[in-house]
Amino acid sequence: MKTLATEFGHAMRKMRKLRGLSQDELALRAEIDRSYIGRIERAEANITLDMLYKIAEVLDCEPHELLPSRASLKGQVLPKS
């Protein structure tokens, strides 16, 4: 079953490649560790809103373009707050 983190990681990787950036280049421009970029893309890390906006800025896209749609998560049990 797909998770929010998995969907986000796939969207981020797709946008990064579309922009012609390596993980190293994205990390350098966003001023974050390259290994963290890899962990995000593999859904091994959850990011903050601040990080979402920072990554979107470097990828020259709107934050919502990196987020999965509700329809793509239909049927998935989301964690309760």
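Residues numbered from 1 in each chain as written. Predicted model: local features only at pLDDT ≥ 70, side-chain atom pairs only at ≥ 80, totals over all residues. Heavy atoms only, no water.

If you look the protein up in an unreviewed UniProt entry, it shows as Putative transcriptional regulator, XRE family from Shewanella baltica.

(A) Up close: the nonpolar core. In terms of nonpolar packing, the biggest core is built from 20 residues, with Met-12, Ile-32, Ile-40, Ile-55, Leu-59 and Leu-66 touching the most fellow members. At the level of secondary structure, the elements contributing two or more residues to this core comprise helix H1 (4–18), helix H2 (23–30), helix H3 (34–41) and helix H4 (49–59). With six residues, H4 is the single largest residue contributor to this core. Look past the residues within four positions of Ile-40 in its chain and what remains in contact with it is Ala-5, Phe-8, Gly-9, Met-12, Ala-45, Ile-47 and Ile-55. (Core = buried A, V, L, I, M, F, W, Y, C linked by side-chain atoms within 4.5 Å. Buried < 20%, exposed > 50% of the residue type's maximum accessible area, 1.4 Å probe, protein only. Helix = DSSP H or I, 4+ residues; strand = E, 2+ residues; numbered from the N terminus. Contact = heavy atoms within 4.5 Å.)

(B) Expanded view of H4. Taken together, the buried positions of H4 are Met-51, Leu-52, Ile-55, Ala-56, Val-58 and Leu-59. Along the long axis of H4, the arc covered by the buried residues comes to 160 degrees, so they all point the same way. Facing away from the buried side of H4, by more than 90 degrees, are the exposed residues Leu-49, Asp-50, Tyr-53 and Glu-57. At its buried positions, H4 is contacted by H1, H2 and H3. One or two positions beyond H4, positive phi appears at Asp-60, with a value near 55 degrees. (Arc of directions from axis to C-beta.)

(C) Highlighting the side chain of Arg-16. As for its position among the elements, Arg-16 is in helix H1. Within the structure, Arg-16 has its side chain in polar contact with the side chain of Glu-41 (distance 2.6 Å). The residues touching Arg-16, leaving out its near neighbours within four places in the chain, are Leu-21, Ser-22, Gln-23, Leu-26, Glu-41 and Leu-59. (Polar contact = N/O pair within 3.5 Å; in protein donor to acceptor, adjacent residues only side chain to side chain.)

(D) Seen up close, the packing of H2 against H4. Remark: H2 packs on H4, axes separated minimally by 9 Å, with the N-to-C direction vectors making an angle of 115 degrees. Between H2 and H4, the angle is such that the two are roughly perpendicular. Judged by the twist between their axes, the crossing of H2 over H4 is right-handed. Contacts between H2 and H4 involve Leu-26, Arg-29 and Ala-30 from the first element and Lys-54, Val-58 and Leu-59 from the second. The residue inventory of the contact of H2 with H4, partitioned by class, reads four nonpolar, no polar and two charged. (Axes fitted to C-alpha atoms, helices over the stretch in contact; angles between N-to-C directions. Parallel < 35°, antiparallel > 145°, perpendicular 65-115°, else oblique. Left-handed = near helix turned anticlockwise from the far one by under 90°. Nonpolar A, V, L, I, M, F, W, Y, C, P; charged D, E, K, R; others polar.)

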